[in-house]
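Letter by letter, the chains look like this.
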Amino acid sequence: MKKIISALFLAMLILPASGFAGIIFDNLNLNSDNKMLYSVTQKVPGIKPYSVLFSYILHDEASVGSSNIPDILTCYPEHISSLNNGKYMQVRNRYGTALYDFDKEKLTWVARSAIIPEKSFSLSPIITSPDGLWCVFMRKTGSSTGELVIQEVLSKKYVILDREASYSYTSLPVKWSPDSKNFLYQKGNSIYFCNPEKMFKGIQLEEKYRRIGTGKISNVQWCTNKTLAYVDQDIIYLIDERELSSLGIYSSFYNLGKVIGRLPEKFNPDSMEFKINSAVTQMVMVKNNNFVSYYNLNVSNSTDYVKLLNYKSYNDMFDGSYKFEILWPEFSKPVIWTDFIADSGKVSSSVYLFNDKNEIVKVLSIEDSTSNAAISSDGKYIAFSSGESAFIYSVNPWSRVAEIKGEKISSLCWKDSSNLCIGGDQTVRIYSVPLEKTSYLFLSQCKNATWDKTSKNIIAQTETGSDYFAYDEIKNVWNKTYSANPEKVHVQNEDYRIYKAKAKNIRYENGIYVRHLTDKVNTFALYREAAQKSSAKKKIALVFDLLDSADGVNSIIAVCEKYDIKPTFFVNGEFIRRYPRELKKLSASGAEVGSMFYSCTDLTVKNFEINEEYVRRGLARTEDEYFAVTGKELALLWHAPFYKSNKMIRDAGSEAGYSYVDFPIEDGSIDSKAGKTLESQIIPITVGIKSDSEKNEFYTKLELLINSLMDGDYEIVPVSGL
């Protein structure tokens, strides 16, 4: 069997360029001082569309550019985090990074794009230390690689930890100690420790003397400020923080720490995750996002196997799960947060607890979870969002503390142990648990922006409310006002007229044009980019061939939903027979599903003769069995197993009403094109029949592939959209 070309390799051949962003200008307004207001909305895959309010002072014929930067008045919280022990809140979005100072009640942009970022990129993850003084992030340097960087938040000084790290849009190979004095990081196939303060002072030991052992970041976990656990093969070690500097020198000769237990199987960092409580008495293990095991640790007798308290599998509890997060607040039992694909084909979440009998029980189902769970610094509360509300739950005992209603939530973070920052669709707020009170910080989006007749301040309303907010130009924040007297919207004054018109650049749905009414009577584009012609979007399809395994199907559905991509799946009879549950969810997700014949075999081999009737019957049987399971019809698209066919096979499929999806492979047995053949630009990704070294390649790197395609100016469509 010929090996199908690597999908990630195909993506690497695509040269980076500006991706289609669907930029829309709206809400134009102009005052007598030549100051204009306008909003920009972008349709960016992977990010909910949101508008940003700008202000700009018109002068001469100067278009917006690096030397003429408009002011950003709203700040959408794609991601928020607490810094410097709750003194600041960091807000990140596609336009840059801003800091909100809680003492000064002021929002300051510390890094921002000079112009509208056309590139269709996703935000990279950032892990801040618990005290918020340090942050670790990754700078992308290639299609799948990046530099792992640690930075001091206030000084902006940074150190590169790894210049060739595997890039990810979802996680970083870093774990901070609870007191922020040390952190662990993965470099290559080794784990290292680091004291950031010593590193920036230049007195840190060389990296080779800070090596803990072999493995990945999932092999290690901080238990307390002073202790960390390291799993090597099937042995669990407990390492004292004080050992790190002295014994790190000898880690090449023997493992650090004290043996505290033995696992019943070898630990696989690619498919397993563990968590140990701060008392180092219990342990939870998650395997393949399907199986959860709960153990007792007998530290006094380290040669013992860990004692199994409970075990639950995929089939009876975690149907459709693709992501687990173990939250273990101090002085309580573990909390399990799962993301899964529901029967509706949509991403949902659930929360599980262990009862007094150590039985795992579901305590909450969240059908429309819009942000990740956030745990307070003292471990007492967990916050998450669902629909148009943010929820706060007490962990021990489990009970609802608050529901903060009003708008969709984009991101959450705890300022401290009792104040929750809520990054919403319209506003950014802070909720005090003790006071049961919500306060506004600034606006995420707004509508009807104009000037107040009396104060001359900019005022605006949100989409969900009738109250007006007044803009503070000094602090860059919005405060609710009860005496608004809005000016009418104007698009012309004595000097200028502003208007919207169709853009020449296909990445823009329209453009803003300025008509100069005095002196030089002329018209110019506010953004030159919108007036420049651009090449047409290139289309490409992601094709998932489901052979004999359902591994990764749930995560594929979730990632495609995140990026609003409609993929095409091809299924054969064996997959339908083995995995009807996954097939139903796949069908319900709205994905396009075509046929890959009934049997998973090379139809061009000479061992036996295949005729047209055999091909038609194989297609018909797959079609009928798909309908029997899902109640839906297959798309009339097909390809032979492994994309190996000849003229007779294609003609037979054409007679059965199917269009053949072609992908070129190096095989001399392929005859000339025949039948209804769709010669499409596709990237095929095989699920099943892979070697162990390849089996996780695209389930873990699918977002890299998607972003590489979008950055390469590709529009990802189903095969039928080519």
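Predicted model, so just to flag it, every value in this text is computed and none were measured. (Residues numbered from 1 in each chain as written. Predicted model: local features only at pLDDT ≥ 70, side-chain atom pairs only at ≥ 80, totals over all residues. Heavy atoms only, no water.)

**Q** Explain the packing of helix α7 (residues 612-630) against helix α8 (residues 647-655) to me, using residue names and the numbers behind them.
**A** Running from amino to carboxyl end, α7 crosses α8 at an angle of 50 degrees, the nearest separation of the two axes being 9 Å. What the angle tells us is that α7 and α8 run oblique. In this structure, α7 crosses over α8, and the sense of that crossing is right-handed. Residues E612, V615, R616 and L619 of α7 form the contact with α8, whose own contacting residues are M648, I649, A652, G653 and E655. Counted by class, the contact of α7 with α8 contains 5 nonpolar, 1 polar and 3 charged residues. (Axes fitted to C-alpha atoms, helices over the stretch in contact; angles between N-to-C directions. Helix = DSSP H or I, 4+ residues; strand = E, 2+ residues; numbered from the N terminus. Parallel < 35°, antiparallel > 145°, perpendicular 65-115°, else oblique. Left-handed = near helix turned anticlockwise from the far one by under 90°. Contact = heavy atoms within 4.5 Å. Nonpolar A, V, L, I, M, F, W, Y, C, P; charged D, E, K, R; others polar.)

**Q** I'd like a rundown of the pattern of salt bridges, residues and numbers included.
**A** The tally for this structure, following the rule as stated, stands at 27 salt bridges. Note that D26 is salt-bridged to K500, the shortest N-O span being 3.0 Å. Within this pair, whereas D26 is found in strand β1 (residues 23-30), its partner K500 is found in strand β41 (residues 496-501), the two being separated by 474 residues in sequence. The class of D26 is partly exposed, set by a relative accessible area of 34%. Residue classification places K500 among the partly exposed positions, given a relative accessible area of 42%. Note that K287 is salt-bridged to E265, the shortest N-O span being 3.0 Å. Here K287 is found in strand β22 (residues 282-287), whereas its partner E265 is found in the loop between β20 (258-262) and β21 (272-276), with 22 residues between them in sequence. Residue classification places K287 among the partly exposed residues on the basis of a relative accessible area of 26%. Residue E265 is classed as partly exposed on the basis of its relative accessible area, which comes to 36%. Where salt bridges share partners, they join E612, E613, R616 and R617 into one cluster. (Salt bridge = Lys/Arg side-chain N within 4 Å of Asp/Glu carboxyl O. Buried < 20%, exposed > 50% of the residue type's maximum accessible area, 1.4 Å probe, protein only.)

**Q** So what's going on with α8? Which residues, and what values?
**A** Every buried residue belonging to α8 is among I649, R650, D651, A652, G653 and S654, and all of these are buried. For α8, the N-terminal cap is N646; the gap from its side-chain oxygen to the backbone nitrogen of M648 is 3.2 Å. Backbone geometry just downstream of α8 places G657 in the positive-phi region, at approximately 95 degrees. (Polar contact = N/O pair within 3.5 Å; in protein donor to acceptor, adjacent residues only side chain to side chain.)

**Q** Run through unusual backbone geometry, naming residues and quoting values.
**A** The linkage connecting N396 with the following residue, P397, adopts the cis geometry, with an omega of 0 degrees. By the secondary structure assignment, P397 is in the loop between β31 (389-394) and β32 (399-405). Backbone geometry at E105 places phi at a positive 55 degrees, although glycine is not the residue there. Its place among the elements puts E105 in the loop between β7 (96-101) and β8 (106-112). The phi angle at Y643 is positive, at roughly 60 degrees, despite the residue not being glycine. Within the element layout of this structure, Y643 appears in the loop between β47 (637-638) and α8. For Y643, a relative accessible area of 1% gives the class buried.

Function cannot be inferred from these measures alone, as they are strictly geometric.
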